[in-house]
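Examining the three-dimensional arrangement
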Amino acid sequence: MTRFLLLWCFALPAFAQQPDYSKVEIRTQQLAPTVYMLVGAGGNLGLSAGADSVFLVDDQFAPLTPKIEAAIARITPRPVRFVLNTHWHFDHTGGNENLGKAGALIVAHENVRKRMSVENFIEFLGMKTQPDPKAALPVVTFTRDVTFHLNGDEVRVMHVPNAHTDGDAIVHFTKSDVIHMGDVFFNKLYPFIDTSSGGRVEGVVAAVDRALALAGASTKIIPGHGPLATRADLQAYRDMLATIAGRMGEHVRAGRSLEQAIAAKPTADFDAAWGKGFLTPDRFTEMLYKNLQAER
Ligand SMILES: [Zn+2]
């Protein structure tokens, strides 16, 4: 337990740390007549609320459920009918048990249910997670895509293989022109890629390309972490990631050590824009190095 706590304190980037929940406020931003972005602590939430039902993308941490429900109640009197998890990480699925018990149907890629059902070890963060209780697990799982028809929208949920994890989904509110990217996209922050959960940088780039193909100049893009984004922001993220991953690939293929790769400062020209967040430039370099090694 002590070891777990030590690792928890020192190894976890800010996005995964447990905040003081009593101080967290849920802020709501309306993106389209029936679509909203909610920001609290943990992954950004997406919401469709209208005449048919309430559809929620991700649910942060369990202690925040009452605050999230209160934020939704300011928009609609209806209860949450569907929860869609973009991936298994606890800062996106922590409210599942509460919302599932309250009657929501939890939907996710099949690998989300698989990973939530067992103990996991996220090596890069030195973090072990326990299996989730049955009530927190997705009840409906899919292998590739699933579409929800509600609130005048067609909500397309698309699995993107081996990206941030092996169970990621991106959510396209087609009529509202909004895309929720889950943790495939960290806006203005170097992203975490969970190598231990099957995440691969090439998969992140491929997933972003898929979203870029769906997005137009006025599309509103909800990142897993960071502020609301435009297509141009997503393109800048794609270019940053592909450029740095290309440089890191050369170091790994040339057989250079991690220390040599860090000393070469492969992120230097991007640090001012992306390196002030959860992962420092050196930690991000280390993460990519290990991720690319895992691919070999
Ligand atoms: Zn995540």
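The structure reproduced in this document is the subject of the present report. Since the structure is predicted, the reported quantities are computational estimates derived from the model, not experimental observations.

**Structural notes on the packing of aromatic side chains**
Under the defined criterion, the tally for this structure stands at 10 aromatic pairs. On the numbers, 4.2 Å between centres and 5 degrees between planes, the contact of Tyr190 with Phe284 is stacked. Here Tyr190, found in the loop between β13 (178-180) and α6 (201-214), pairs with Phe284, found in helix α10 (residues 281-295); they are 94 residues apart in sequence, far enough to count as distant. Among the aromatic residues, those joined into a ring-pair cluster are Phe55, Phe82, Phe148 and Phe173.

**Notes on a nonpolar patch on the surface**
Taken together, the side chains of Leu105, Val139 and Val140 define a hydrophobic patch exposed on the protein surface, amounting to about 230 Å² of accessible area. Its place among the elements puts Val140 in strand β9 (residues 140-142). Of the residues examined, Val140 reaches a relative accessible area of 34% and is grouped as partly exposed.

**Regarding the sheet that holds strand β2 (residues 35-39)**
Taken in spatial order, the 7 strands line up as β1-β2-β3-β4-β5-β6-β9 in an open sheet, and their pairing is mixed. Two strands close off the open sheet at either side, each with one partner strand: β1 (27-32) and β9. Sheet twist, expressed as the mean angle between neighbouring strand axes with direction ignored, is 20 degrees. The sheet contact formed by strand β4 (residues 54-57) and strand β5 (residues 80-84) spans 4 bridges and is parallel. Within β5, the residue paired with Val57 across the bridge is Leu84. Packed onto the sheet, helix α2 (residues 65-73) meets β1, β2, β3 (45-49), β4 and β5 and runs at close to 135 degrees relative to β4.

Rules used in this analysis
- Residues numbered from 1 in each chain as written.
- Predicted model: local features only at pLDDT ≥ 70, side-chain atom pairs only at ≥ 80, totals over all residues.
- Heavy atoms only, no water.
- Phe/Tyr/Trp six-rings, centres within 6.5 Å; stacked < 30°, edge-to-face > 60°.
- Helix = DSSP H or I, 4+ residues; strand = E, 2+ residues; numbered from the N terminus.
- Patch = residues over 30% accessible without salt bridge, like charges linked within 9 Å, V, L, I, M, F, W, Y side chains within 5 Å.
- Areas by Shrake-Rupley, 256 points an atom, 1.4 Å probe, with all protein chains shown as cover.
- Salt bridge = Lys/Arg side-chain N within 4 Å of Asp/Glu carboxyl O.
- Buried < 20%, exposed > 50% of the residue type's maximum accessible area, 1.4 Å probe, protein only.
- Pairing = 2+ DSSP bridges.
- Axes fitted to C-alpha atoms, helices over the stretch in contact; angles between N-to-C directions.
- Contact = heavy atoms within 4.5 Å.

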